[in-house]
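Observations on the three-dimensional arrangement
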Amino acid sequence: MSAEHVSVARADFDQYLVPNYAPAAFVPVRGQGSRVWDQSGRELIDFAGGIAVNVLGHCHPALVAALTEQAQQLWHISNVFTNEPTLRLARKLVEATFAERVFFCNSGAEANEAAFKLARRVAHDRYGEDKYEIIAAFNSFHGRTLFTVNVGGQPKYSDGFGPKISGITHVPYNDLEALKAAISEKTCAVVLEPIQGEGGVLPAERAYLEGARALCDQHNALLVFDEVQSGMGRSGELFAYMHYGVTPDILSSAKSLGGGFPIAAMLTTSELAKHLAVGTHGTTYGGNPLACAVGEAVIDIVNTPQVLDGVKARSEQFRERLQAMGQRHGLFEEVRGLGLLLGAVLNPAWQGKAKQVLDAAVAEGLLVLQASPDVVRFAPSLVIEQADIDEGLARFERALARLSQA
Ligand SMILES: *Cc1c(COP(=O)(O)O)cnc(C)c1O
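Residues numbered from 1 in each chain as written. Predicted model: local features only at pLDDT ≥ 70, side-chain atom pairs only at ≥ 80, totals over all residues. Heavy atoms only, no water.

Focus on the overall build of the chain
- From N to C terminus, the chain includes 15 helices and 17 strands.
- The C-alpha radius of gyration of the chain comes to 21 Å, within 12% of the 22 Å expected for a compact globule of 406 residues.
- By its C-alpha atoms, the chain is 60 × 55 × 45 Å across when sized along the principal axes.
- Residues classed as buried in the chain amount to 53% of the 406 residues present.
- Expressed as a percentage of contacts within the chain between residues at least 6 apart in sequence, the contacts between residues at least 24 apart total 71%.
- Here the chain displays about 18100 Å² of accessible surface, and carbon together with sulfur accounts for 54% of that area.
- Charge separation in the chain, taken as the distance between the mean sites of 35 positive and 45 negative side-chain charges, equals 1 Å. (Helix = DSSP H or I, 4+ residues; strand = E, 2+ residues; numbered from the N terminus. Rg over C-alpha atoms; globule rule 2.2 N^0.38 Å. Buried < 20%, exposed > 50% of the residue type's maximum accessible area, 1.4 Å probe, protein only. Contact = heavy atoms within 4.5 Å. Areas by Shrake-Rupley, 256 points an atom, 1.4 Å probe, with all protein chains shown as cover. Lys, Arg positive; Asp, Glu negative; His and termini not counted. Charge placed at Lys NZ, Arg CZ, Asp CG, Glu CD.)

Written out as structure tokens, the structure is:
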């Protein structure tokens, strides 16, 4: 017998859920590729990708097969034992990146938590108690645990939760002089998103990341790249650090890594990894067989020239057509980002109104995202079909036309 399905509606959210989200008025029930259907059977095109998570769209047959096959084998065993999907995915991540060691966990925040704890631990072991400061960027986003909201450069997420974690400073993004002025022998790590996602789809300048790398080396600090949003193919390379040619010491990955199944990873070198000896850190579900089986299927597909070249080609298309639309309707001129993480930066007259654009898009049957109140963000499936790109962009243009005429 399956569980009894009681009839539910959007109104139940307000009655039963903690009110920390404000979900849209409809309830999606099914997804296939880049299309989603709600309770009423209405079809929507998905340029949001579950916030840069559904890297291969909804219910990709290879991911469904990996998940259901593993579901017949072994769901959970804990880290008292290891398991085959964990070993296979770790090996594939190591073979595909700078990393030599992998720590699995369940969310971007946890991967960053592990990264920050590792950076502090390494500094503590190598240089003593006084080297613990972390430098991060204003407007950055690293997750919602207490440590990660404090490292994130958005006080609206960290204020009002009691004393802050000390030893964290923030500098303006893409400002190498500011980083140079802030870094010292007390710095244990510099933490950066190669593309600021939540903060407004703002890519780093190459010289900034190169400069950050050099400053870290001069001050015995570790360079941490948060690739939770920019990683796993979204930039057109497997990880955005490869696009920039700047290698971090520690990298966090989540979102696209599981294509919709919760999994995250912290990648690092063996020299650094050894500071997390037995008992120093852990998590019950990290390396869960179901999650790692899906992650393995994701990397097998994403890390191919076919998919990565496809991201670059689709990116060009999105960029050109969005730019033209922005000009025609006057809501935005600049389209920025990398690969299939793109942002339309609203013009001064439309600033603060990204939510209005999202609502207008939904009215036309299209899911897009915002990134700050000033940027409309696009994070579609990396393998989105041509017909879905065409139809989705046509719907977006209808939304823009409607807004500009109102
Ligand atoms: C989404 C995101 C996180 C947090 O990931 P969760 O899975 O929500 O904990 C951290 N860093 C970046 C850059 C993100 O985009």
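There's plenty left to go through after this.
Quick look at the UniProt feature "binding site: N(2)-acetyl-L-ornithine" (unreviewed entry) in the chain
- The UniProt record marks Arg144 and Thr283 with the feature "binding site: N(2)-acetyl-L-ornithine" (unreviewed entry), using the residue numbering of this structure.
- Looking at the element boundaries, arginine 144 is found in the loop between strand E5 (133-137) and helix H6 (146-151).
- According to the relative accessible area criterion, arginine 144 is exposed, its value standing at 55%.
- Setting aside its immediate chain neighbours within four residues, arginine 144 contacts Ala109, Val149 and Tyr157. (UniProt positions renumbered as here; feature names shortened; annotations may be inferred.)

Examining the side chain of serine 34
- Within the secondary structure layout, serine 34 lies in the loop between strand E1 (28-32) and strand E2 (35-38).
- The exposure class of serine 34 is buried, given its relative accessible area of 4%.
- Those residues in contact with serine 34 that sit more than four places away from it in its chain are Leu44, Ile45, Asp46, Ser381, Ile384 and Asp388.

Things to note about the pairing of E1
- Pairing of E1 with E2, which is carried by four bridges, proceeds in the antiparallel orientation. Looking at E2, one finds that glutamine 32 is bridged to arginine 35.
- Counted along the chain from E1 to the antiparallel partner E2, the turn is two residues long, and its residue glycine 33 has a positive phi close to 60 degrees. (Pairing = 2+ DSSP bridges.)

Looking at the sheet that holds strand E14 (residues 341-346)
- The four strands are arranged E13-E14-E17-E16 in an open sheet whose pairing can be described as antiparallel. The open sheet is flanked by strand E13 (332-338) and strand E16 (369-370), the only strands paired with a single partner.
- The pairing of E14 with strand E17 (residues 375-378) spans four bridges and is classified as antiparallel. Bridged to glycine 343 within E17 is arginine 377.

Details of helix H14 (residues 354-363)
- Of the residues making up H14, those classed as buried are Ala354, Val357, Leu358, Ala360 and Ala361. Relative to the axis of H14, the buried residues are bounded by an arc of 165 degrees and lie together on one face.
- On the buried face of H14, the contacting elements are E14, strand E15 (366-367), E16, E17 and helix H15 (386-405).
- Backbone geometry just downstream of H14 places glycine 365 in the positive-phi region, at approximately 90 degrees. (Arc of directions from axis to C-beta.)

Comments concerning the packing of aromatic side chains
- One pass over the structure, following the stated rule, counts 10 aromatic pairs.
- Ring-pair connections join several aromatic residues into one group, and the members of that group are Phe47, Phe318, Phe332, Phe378 and Phe396.
- The ring of tyrosine 127 has lysine 131 lying over it, and the distance from NZ or CZ to the ring centre is 5.3 Å.
- Across the ring face of tryptophan 350, the terminal group of lysine 353 is positioned such that the distance to the ring centre comes to 5.5 Å. (Phe/Tyr/Trp six-rings, centres within 6.5 Å; stacked < 30°, edge-to-face > 60°. Lys NZ or Arg CZ within 6 Å of the ring centre and 35° of its normal.)

Observations regarding the domain arrangement of the chain
- The domain boundaries assigned to the chain delineate domain 1 (11-60 + 305-405) and domain 2 (74-302).
- A separation of 27 Å is found between the C-alpha centroids of domain 1 and domain 2.
- Contacts between the two partners involve 26 residues from domain 1 and, on the opposite side, 25 residues from domain 2.
- Carbon and sulfur atoms supply 65% of the area that domain 1 and domain 2 bury against each other, a total of about 2200 Å² over both sides.
- For domain 1, the biggest contributors to the area lost against domain 2 are Leu308, Leu338 and Leu341; these three give 27% of the whole. (Domains from an automatic or database assignment. Buried area = accessible area lost by both parts, 1.4 Å probe.)

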